[in-house]
Amino acid sequence: MAKNILLLNGPNLNLLGTREPDIYGKTTLDDVVSAMRSIVEAAGGKFASYQSNHEGNLIDRIHQARQDKVDAIVINPGGLTHTSISLRDAFSGVNIPFFEVHISNIHQREPFRRHSYLSDIAKGVICGFGIDGYRMAIEFALKY
């Protein structure tokens, strides 16, 4: 059965490739999206992506995912990981399996980055593998 996968990226991920490249690398978000689209489409799935710097827009897109019959969501929530109960509630409300991705190892960074409001309800969490974390999450979402 073909999967319908949604890739979400939160605040500041539009700056990938230029923002703190020593932490986040030099690969752009467009490059990530293109590579993930190729993986999903090669597997016969349907792919969509969305990035926003605004929490409410991400919540609206999560709600829309249920209407779009999305099978799984891969999300890099950026800084909202550590602050957004509303994002957590959106995922709980739509009951779509999701996978949390972080480019850096958030457990090796500042103490405030070590807590996620999403991890305990995510089907999986991948952090610290750079851009490869997206591929890992997409491949697992396709198998899930």
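Along each chain, the written sequence defines residue order, and numbers are assigned to residues from 1. Under the rules for a predicted model, residues below a pLDDT of 70 receive no local features and side-chain atom pairs below 80 are neither given nor counted, while totals for whole chains, interfaces and linings still include all residues. Hydrogens are left out, water is left out, and the side-chain values use all remaining heavy atoms of the structure.

In the nomenclature of an unreviewed UniProt entry, the protein chain is known as 3-dehydroquinate dehydratase of Oxalobacter aliiformigenes. Its UniProt record gives the protein chain a comment under Function (unreviewed entry), which states: "Catalyzes a trans-dehydration via an enolate intermediate." UniProt positions are given in the numbering used here, feature names are shortened, and annotations may be inferred rather than shown by experiment.

S.K.: Just give me the short version of the UniProt feature "active site" (unreviewed entry) in the protein chain, but keep the residues and values in it.
M.R.: The UniProt record annotates "active site" (unreviewed entry) at Tyr24 and His102. For this annotated set, covering 79 residues, all C-alpha atoms fall within 9.4 Å of each other, a compact arrangement in space. Note on contacts: a residue pair is in contact if any heavy atoms of the two residues lie within 4.5 Å. Look past the residues within four positions of tyrosine 24 in its chain and what remains in contact with it is Leu16, Arg19, Ile103, Ser104, Arg109 and Ile131. Numbering of helices and strands runs from the N terminus, with a helix taken as a DSSP run of H or I at least four residues long and a strand as a DSSP run of E at least two residues long. As for its placement among the helices and strands, histidine 102 is situated in strand β4 (residues 98–102). We classify histidine 102 as buried; its relative accessible area is 4%. Residue contacts for histidine 102: discarding those within four places in its chain leaves Asn76, Pro77, Thr81, Ile126, Cys127 and Gly128. Within the local environment of histidine 102, its side chain forms a polar contact with the side chain of glutamate 100, the two groups lying 2.6 Å apart. The classification of residues rests on relative accessible area computed with a 1.4 Å probe and restricted to protein chains. Under 20% of the type maximum is buried, over 50% is exposed, and intermediate values are partly exposed. Polar contacts here mean pairs of N or O atoms no more than 3.5 Å apart (in protein, one a potential hydrogen donor and the other a potential acceptor; neighbouring residues in sequence count only if both atoms are side-chain atoms).

S.K.: So, the nonpolar core: which residues are in play, and what are the values?
M.R.: The definition of a nonpolar core used throughout is a set of buried Ala, Val, Leu, Ile, Met, Phe, Trp, Tyr and Cys residues joined through side-chain atoms within 4.5 Å. Core analysis: the largest hydrophobic core is formed by 23 residues, its most contacted members being Leu16, Val74, Tyr134 and Ile138. Those elements that place two or more of their residues in this core are β1 (4–9), α2 (29–42), β3 (72–76), β4 and α5 (132–143). Beyond its immediate stretch of four places on either side in the chain, valine 74 contacts Leu6, Leu7, Leu8, Phe99, Val101, Ala137, Ile138 and Ala141. Formed by 18 residues, the second largest nonpolar core is a distinct cluster that contains Leu8, Leu58, Ala65 and Val70.

S.K.: Tell me about the side chain of serine 52, and name the residues and values.
M.R.: Structurally, serine 52 is set in the loop between β2 (46–51) and α3 (55–67). On the accessibility criterion, serine 52 (4% relative accessible area) is buried. A polar contact is formed between the side chain of serine 52 and the side chain of asparagine 57, at a distance of 3.3 Å. Look past the residues within four positions of serine 52 in its chain and what remains in contact with it is Asn9, Gly10, Pro11, Asn57 and Leu58.

S.K.: Just give me the short version of unusual backbone geometry, but keep the residues and values in it.
M.R.: Phi is positive for asparagine 12, which is not a glycine, with a value near 75°. When you line up the elements, asparagine 12 lands in the loop between β1 and α1 (21–24). Unlike most non-glycine residues, glutamate 20 shows phi in positive territory, near 40°. Tracing the sequence through the fold places glutamate 20 in the loop between β1 and α1.

S.K.: So, the packing of α3 against helix α4 (residues 85–94): which residues are in play, and what are the values?
M.R.: One way to put it is that α3 packs onto α4 with a least axis distance of 9 Å and a crossing angle of 5°. Viewed along their axes, α3 and α4 adopt a mutual orientation that is roughly parallel. Listed contacts from α4 to Glu55, Leu58, Ile59, Ile62, His63 and Arg66 of α3 are Ser86, Leu87, Ala90, Phe91, Gly93 and Val94. Here the contact of α3 with α4 is built from residues that sort into 7 nonpolar, 3 polar and 2 charged. For helices, the fitted line uses only the C-alpha atoms of the stretch in contact; every axis is such a line through C-alpha atoms, and the angle between N-to-C directions lies from 0 to 180 degrees. In these notes the angle categories are as follows: under 35 degrees is roughly parallel, over 145 is roughly antiparallel, 65 to 115 is roughly perpendicular, and the rest is oblique. In this classification, the charged set is Asp, Glu, Lys and Arg, the nonpolar set is Ala, Val, Leu, Ile, Met, Phe, Trp, Tyr, Cys and Pro, and all remaining amino acids, among them Gly, are polar.

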